[in-house]
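Residues per chain are reported as follows:
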Amino acid sequence: METALKMLDDDNLERIWIERKQQAVSQRRRKVEESTFDLHVVRSTDNGTTYEDTVDHFSESEREVTELVFALVGYLAHDVYETSPFLLLDSIEANDSDRIARLIDYVAEYAEYVVALLPEDAQALDDE
């Protein structure tokens, strides 16, 4: 997660993680344990102050970076590239071309094919 955040170079996203919790819920007149997930985001300000925030306050590009980080980390952590050697990136245009190029370079070590770049974003990549 940390590597992906650094690679995508978002200045004010410090740490992102999901916390799995067990919660008692009513189901057919009995209590059962159910897993729930809480998304935690730590952000920082220009002066270095850190604080926990929610995605409700994110800009479109910050949401996309967060989505990319989770997708990429899941793809790598669960070795999805071993059974599915491609990665489809869609609707990531809120990120700049340099950030997209860094993402492509990073996943190229794992994914044999990376699909769906806009022409102006593809220009930031080398011919390979």
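A. The arrangement of the overall build of the chain in detail. For the chain, the helix and strand inventory stands at four helices and five strands. Listing the helices and strands of the chain from first to last along the sequence gives α-β-β-β-α-β-α-β-α. Split by element, the accessible area of the chain, about 8,800 Å² in all, is 45% carbon and sulfur.

B. Just the sheet that holds strand β3 (residues 50–53), in detail. In spatial order, the strands read β1-β2-β3; together these three strands make up an open sheet with antiparallel pairing. Single-partner strands in this sheet number two, and they are β1 (13–27) and β3. Here the strands of the sheet are splayed against their neighbours by 25 degrees on average, with no regard to which way each runs. Across the face of the sheet, helix α2 (residues 60–77) comes into contact with β1 and β2 (30–44) while running at roughly 75 degrees to β1.

C. Region of the structure containing the environment of threonine 50. Residue placement: threonine 50 occurs in strand β3. Setting aside residues up to four positions removed in sequence, threonine 50 forms contacts with Glu14, Val42, Arg43 and Ser44.

D. Inspection of a nonpolar patch on the surface at higher detail. The grouping of Ile18, Phe37 and Leu39 at the surface amounts to a nonpolar patch, some 290 Å² of accessible area in total. Checked against the element boundaries, phenylalanine 37 lands in strand β2. Residue classification places phenylalanine 37 among the exposed positions, given a relative accessible area of 53%.

E. Structural context of the packing of aromatic side chains. Inspection of the entire model under this criterion finds three aromatic pairs. Geometrically, the ring pair formed by tyrosine 81 and tyrosine 110 is tilted, given 5.1 Å between the ring centres and 55 degrees between the ring planes. Here tyrosine 110 lies in the loop between α3 (97–107) and β5 (113–115) and tyrosine 81 lies in the loop between α2 and β4 (86–88), a separation of 29 residues in the sequence. Centroid distance tyrosine 106 to tyrosine 110: 6.3 Å. Interplanar angle 55 degrees. Geometry classified as tilted. For tyrosine 106, a relative accessible area of 23% gives the class partly exposed. Put simply, the rings of Tyr75, Tyr81, Tyr106 and Tyr110 touch in pairs and so form one group of aromatic residues.

F. Up close: the confidence of the model for the chain. Looking at the chain as a whole, the pLDDT averages 81, with 89% of positions reaching at least 70. Of all secondary-structure elements in the chain, the lowest mean pLDDT belongs to helix α4 (residues 119–122), at 71, while β3 reaches the highest, 91.

Conventions and cut-offs
- Residues numbered from 1 in each chain as written.
- Predicted model: local features only at pLDDT ≥ 70, side-chain atom pairs only at ≥ 80, totals over all residues.
- Heavy atoms only, no water.
- Helix = DSSP H or I, 4+ residues; strand = E, 2+ residues; numbered from the N terminus.
- Areas by Shrake-Rupley, 256 points an atom, 1.4 Å probe, with all protein chains shown as cover.
- Pairing = 2+ DSSP bridges.
- Axes fitted to C-alpha atoms, helices over the stretch in contact; angles between N-to-C directions.
- Contact = heavy atoms within 4.5 Å.
- Patch = residues over 30% accessible without salt bridge, like charges linked within 9 Å, V, L, I, M, F, W, Y side chains within 5 Å.
- Salt bridge = Lys/Arg side-chain N within 4 Å of Asp/Glu carboxyl O.
- Buried < 20%, exposed > 50% of the residue type's maximum accessible area, 1.4 Å probe, protein only.
- Phe/Tyr/Trp six-rings, centres within 6.5 Å; stacked < 30°, edge-to-face > 60°.
- pLDDT = per-residue confidence, 0-100.

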